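The chain contents come next:
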Amino acid sequence: MLIVALSSLRARWASFLGGFVALALGVGLLATMGLGLSATFHAPERSPQRFASSPVVVQGQDRLTLDVRRGPETVSVERRLDRPQPVDSRLLRELRARWTVTTSEEPADRNGPHSPDHPDHPDAVGVDAPAADVRALVGNRAQVLTGDERRRADHDADRDADALVGLNALLGTSGGVTAFVSVFVVASTFAFAVALRRREFGLLRTAGATPGQIRRLLLAEAAALGVVASAAGCALGALGAPLLARTLVDGGLAPEWFTVGGPVWPFHAAFWTGVTVALAGAVAASRRAGKVGPTAALREADVDADALPLGRAVLGTGLLLAGVGLLFWTCVTDPSALLKRKTYTTLPMLLITGVALLSPLLVRPAARLLRLRGAVGTLVRENSAASVRRTAAVAAPVLVTVALAGTLFGSATSVTRAKGTEAREQTAAQYVVTGVDEPHGTGGPRPVNVPPGAVVSPTGPTSLFVRDGDAAVVKYGARAVTDPAAFAELARLPVVAGDLRDLDDRSIVVNEEFERRRVGETVEVWRADGTGPVRLRIAAVLALGTGDNGPYVTRANAPGSAPDRIDASGGGTATVRALEASGGTVRTTAAWAEAERPASGSPQARLGMVLVLGVALVYTVIGLANTLLMATSVRGGELASLRLAGATRAQILRVVTGEATLAVAIGTLLGLAVTALVLGALGAGLAALSAPVALALPWTTVGASAGVCATIAIAASALPAWRLTR
């Protein structure tokens, strides 16, 4: 059987070329993404910088430790503080009395604008003494760091790990899309190739081949193709990984030190995934081929009577219902999840697969609706309706590309616009100042001399730790309010209960995500430096929105926080001059909102989506070209009959290219339908969160994707038709 399979591959190499290229490219991309992903698991080992010359570092506690319930037991959980606590003054005196103690302040551009490290209250000190003696003196009053652990005292100790978080998500998403599209294209290629070989299988059955032998023949072909294509793909991955690293670094998606290479597991994973994909794509096709009877050898008609088998119909319906059900369930139970890239990247895949599997049901009605005059129009309509399998095979990859373009870019743009609109609507200020300058060593920004008639409200970032029941501790990113009265006057937050004017040093403004969210109740919180617990009364409750609504506390409950934003209104030009003296960037509210939340998203986010969409578009081009080259190449008899019936060569070319264009149009419409469903669910989720609904369909991206598909489809159908009609 293997010899027959290899002979079949040699004789039909042109038919298998598209599948080989698609599979090799898929394995190459998976290997490349795997190598990139493996590089994001561990940040590079860096030597200590802040206390490089000190053998021992004494640092204040940098973690909050609380006990929570885990079933019948009680365990301790740790949450990292925004910054380490200052070293105890008494301990500092004891250290200085016995050894040489060094306090180190990094340059302002490295230390950050709000460093808590001041000579009187340092968060860490270097000690020139034996580590054992220092530990004996310090006890549990602080941390004693030696060796490479001294890196934890660097103010940007986690910068390398933080830089890899977003990159890890991007490469994981790209790898998932690659696997999804490669399985889709390879399976479609095998299915369509089997449909074109119906007469060949009929002849084999006439010669005595059993259904099992037919199935084993196809599986052997798929295995041989998978092994060779996967090996070629691994070689492509080794070449493409350094190129990917340079692209990510140049595009600002990865830090400058990011490199790939080293582990071999991505090659193993990609190779065996490629072989598995090839075999999985051939399984369904081989089962159908095994059902071909000997009479198929006599068949001449090209009408597809069984284009949608029962198994495909059941699977497609199940995936479509699952996709719609998950969208509805997420919208009802956790609408904020619809705003996350992970959700609007993965959920549409179920819908795309379901619609693609059911596409033969839609092809014939869509083709019948076409109303074109003349013989060419009639042939385009009737041929497309009769050859359902061919039309659906062309429409399916177009559906994938258009739907991914619409859902990815549409969802990301809609979320970005909603956030920008929400930011503009949540302040009544005329001006917003960002990047407020902090004079070195002062622990706060430059003071603003508020002119008469002006209202100025500085706020800054902080964190709060809150118990979620008895089983978890949640860290919330919060805002610290300097002047509660000015804040209440300028803020236009979506208050669902309570009053912002009631915020003071003994209260808190929470959002609907909090477990306790009734006005007048008390919430037990730990501050950003780990001090607490503090019981604060709920003054107001905010709608969740796009995720940036609260909580809010006063600066009395935000130790170490310094304002990074100033909202101001009134006072005329005197206010602008006073704000400029703060050292920050002064903008109008509209200009600030556009700068913070540009309607088109950040360049890094766009580059990430382009990488994902580029994978789908490349696969679509391969799938379209391969399908149409195979389909048109076997229509020699049909096209010759048209010539004998009086059709000119130009008319035949218009018929063939018209069929390809119609199939692309059907795929585009199906992709737009999936996009509309996903964006509709996103809009419902934004409305449920009381956030602005600002949906955007990326017509330019969708149109460009459809245009590329149409161009490739026309060329791939016209070239073999031109050769056959010479």
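This text follows the structure it describes.
Heads up: these notes are all about the structure in this document.

## Let's talk about the overall build of the chain
Across its full length, the chain carries 20 helices and 16 strands. In the chain, buried positions account for 49% of the 726 residues. Within the chain, contacts between residues separated by at least 24 positions form 81% of all contacts whose residues are at least 6 apart in sequence. Element-wise, carbon and sulfur atoms account for 59% of the exposed surface of the chain, whose accessible area totals about 32,100 Å².

## Points about empty space enclosed by the protein
Going through the model one piece at a time under the given rule, you end up with five cavities of 30 Å³ or more. Taken as a whole, the largest cavity spans an internal volume of roughly 100 Å³. Lining the largest cavity are 13 residues, and of these Arg390, Leu628, Arg635, Glu659 and Ala660 lie nearest its centre. A total of four residues in the lining of the largest cavity trace back to one element, the largest contributor, which is helix H19 (residues 649–688). Here the lining of the largest cavity is built from residues that sort into six nonpolar, four polar and three charged.

## Concerning helix H15 (residues 573–580)
Considered for burial, the residues of H15 that qualify are Thr575, Val576, Ala578 and Leu579. The buried residues of H15 all sit within an arc of 165° when viewed along its axis, so they share a single face. Of the exposed residues in H15, the ones pointing more than 90 degrees away from its buried face are Thr573 and Arg577. Lining the buried residues of H15 we find strand S7 (431–434), strand S15 (565–569) and strand S16 (585–588).

## Points about the sheet that holds strand S5 (residues 124–128)
Spatially, the four strands line up as an open sheet ordered S4-S5-S1-S6, and their pairing is antiparallel. Among the strands making up the open sheet, the edge pair consists of strand S4 (100–102) and strand S6 (143–146). Across the sheet, the axes of successive neighbouring strands diverge by a mean angle of 30°, strand direction being ignored. Pairing of strand S1 (residues 56–59) with S6, which is carried by four bridges, proceeds in the antiparallel orientation. Note that in S6 the partner of Gln59 across the bridge is Gln143. Docked against the sheet, helix H5 (residues 131–138) engages S1, S5 and S6, running at close to 170° with respect to S6.

## Some remarks on the pairing of S5
Where burial is concerned, most of S5 is hidden: four out of the five residues are buried. Here S4 runs beside S5; their pairing, made up of three bridges, is antiparallel. Within S5, the position partnered with Val101 by the bridge is Val127.

## Considering the pattern of salt bridges
A full pass over the atoms with the stated rule returns 15 salt bridges. Between Arg152 and Asp62 there is a salt bridge, with its nearest N and O atoms 3.3 Å apart. Linking Arg152 in the loop between S6 and helix H6 (159–196) with Asp62 in the loop between S1 and strand S2 (63–70), this pair joins segments that are 90 residues apart in sequence. According to the relative accessible area criterion, Asp62 is buried, its value standing at 2%. In this structure, Glu94 engages Arg141 in a salt bridge whose closest nitrogen and oxygen atoms are separated by 3.0 Å.

## Describing the nonpolar core
In this structure, Val181, Ile352, Leu399, Leu404 and Val674 are the most contacted members of the largest nonpolar core, which totals 78 residues. Among the elements that take part in this core, helix H13 (residues 388–425) stands out by supplying 15 residues, more than any other. If near-sequence neighbours (up to four positions away) are discounted, Leu399 is found in contact with Ile352, Val355, Ala356, Gly667, Leu670, Gly671 and Val674.

## Some points on helix H8 (residues 211–250)
Spacing of three or four residues puts side chains on the same side of an α-helix, whose turn is 3.6 residues. With 40 residues, H8 extends 55 Å between its outermost C-alpha atoms, agreeing within 8% with the 58 Å of an ideal straight helix rising 1.5 Å per residue. The principal kink in H8, of about 35°, is found at Gly240, preceding the proline Pro242 by one to four residues.

## Points about the packing of aromatic side chains
All chains considered together, the criterion is met by three aromatic pairs. Measuring from centroid to centroid gives 5.0 Å for Phe271 and Trp272, while their planes differ by 90°, and the two rings are edge-to-face. Pairing Phe487 with Tyr552 gives two aromatic rings, centres 5.0 Å apart and planes at 40°, and the pair type is tilted. Placement of the pair is Phe487 in helix H14 (residues 484–490) and Tyr552 in strand S14 (residues 552–554), with a sequence separation of 65 residues. For Phe487, a relative accessible area of 6% gives the class buried.

## With respect to a negative patch on the surface
A surface patch of like charges, here negative, comprises Asp334, Asp468, Asp470, Glu513 and Glu515. Note on placement: Asp470 falls in the loop between strand S8 (455–468) and strand S9 (472–481). Taking relative accessible area as the criterion, Asp470 reaches 56% and is therefore assigned exposed.

## Thoughts on the environment of Glu659
For Glu659, the position within the fold is in helix H19. Sequence separation of Glu659 and Gly377 is 282 residues, and the distance between their C-alpha atoms is 9.4 Å. Aside from chain neighbours lying at most four places away, what touches Glu659 is Leu379, Val380, Asn383, Ser384, Arg390 and Arg635. Within the structure, the side chain of Glu659 is placed 3.1 Å from the side chain of Arg390, a separation counted as a polar contact.

## A look at the environment of Ala593
Mapped onto the fold, Ala593 is located in helix H16 (residues 589–596). The class for Ala593 is buried, based on a relative accessible area of 1%. Residues Ala593 and Ala423 lie 170 residues apart in sequence; the distance between their C-alpha atoms is 6.3 Å.

## Considering the packing of helix H11 (residues 341–369) against H13
In contact at an axis separation of 9 Å, H11 and H13 are set at 150° when each is read in the N-to-C sense. Between H11 and H13, the angle falls in the class roughly antiparallel. Considering how the two elements wind past one another, H11 and H13 form a crossing that is right-handed. Judged by residue contacts, Tyr344, Thr345, Pro348, Ile352, Val355, Ala356, Ser359, Pro360, Val363 and Arg364 of H11 engage Val388, Thr391, Ala392, Leu399, Val400, Ala403, Leu404, Thr407, Leu408, Ser411 and Ala412 from H13. When grouped by side-chain class, the residues that make up the contact of H11 with H13 number 15 nonpolar, five polar and one charged.

Criteria and cut-off values
- Residues numbered from 1 in each chain as written.
- Predicted model: local features only at pLDDT ≥ 70, side-chain atom pairs only at ≥ 80, totals over all residues.
- Heavy atoms only, no water.
- Helix = DSSP H or I, 4+ residues; strand = E, 2+ residues; numbered from the N terminus.
- Buried < 20%, exposed > 50% of the residue type's maximum accessible area, 1.4 Å probe, protein only.
- Contact = heavy atoms within 4.5 Å.
- Areas by Shrake-Rupley, 256 points an atom, 1.4 Å probe, with all protein chains shown as cover.
- 1 Å grid on protein atoms, 1.4 Å probe; cavity = no way out; pocket = protein on both sides within 12 Å on 5 of 7 lines; lining within 4 Å.
- Points joined across faces, edges and corners; volume = space filled by probe spheres on them.
- Nonpolar A, V, L, I, M, F, W, Y, C, P; charged D, E, K, R; others polar.
- Arc of directions from axis to C-beta.
- Pairing = 2+ DSSP bridges.
- Axes fitted to C-alpha atoms, helices over the stretch in contact; angles between N-to-C directions.
- Salt bridge = Lys/Arg side-chain N within 4 Å of Asp/Glu carboxyl O.
- Core = buried A, V, L, I, M, F, W, Y, C linked by side-chain atoms within 4.5 Å.
- Expected span 1.5 Å × (residues − 1).
- Bend = angle between axes of the 7 residues up to and from the residue.
- Phe/Tyr/Trp six-rings, centres within 6.5 Å; stacked < 30°, edge-to-face > 60°.
- Patch = residues over 30% accessible without salt bridge, like charges linked within 9 Å, V, L, I, M, F, W, Y side chains within 5 Å.
- Lys, Arg positive; Asp, Glu negative; His and termini not counted.
- Charge placed at Lys NZ, Arg CZ, Asp CG, Glu CD.
- Polar contact = N/O pair within 3.5 Å; in protein donor to acceptor, adjacent residues only side chain to side chain.
- Parallel < 35°, antiparallel > 145°, perpendicular 65-115°, else oblique.
- Left-handed = near helix turned anticlockwise from the far one by under 90°.

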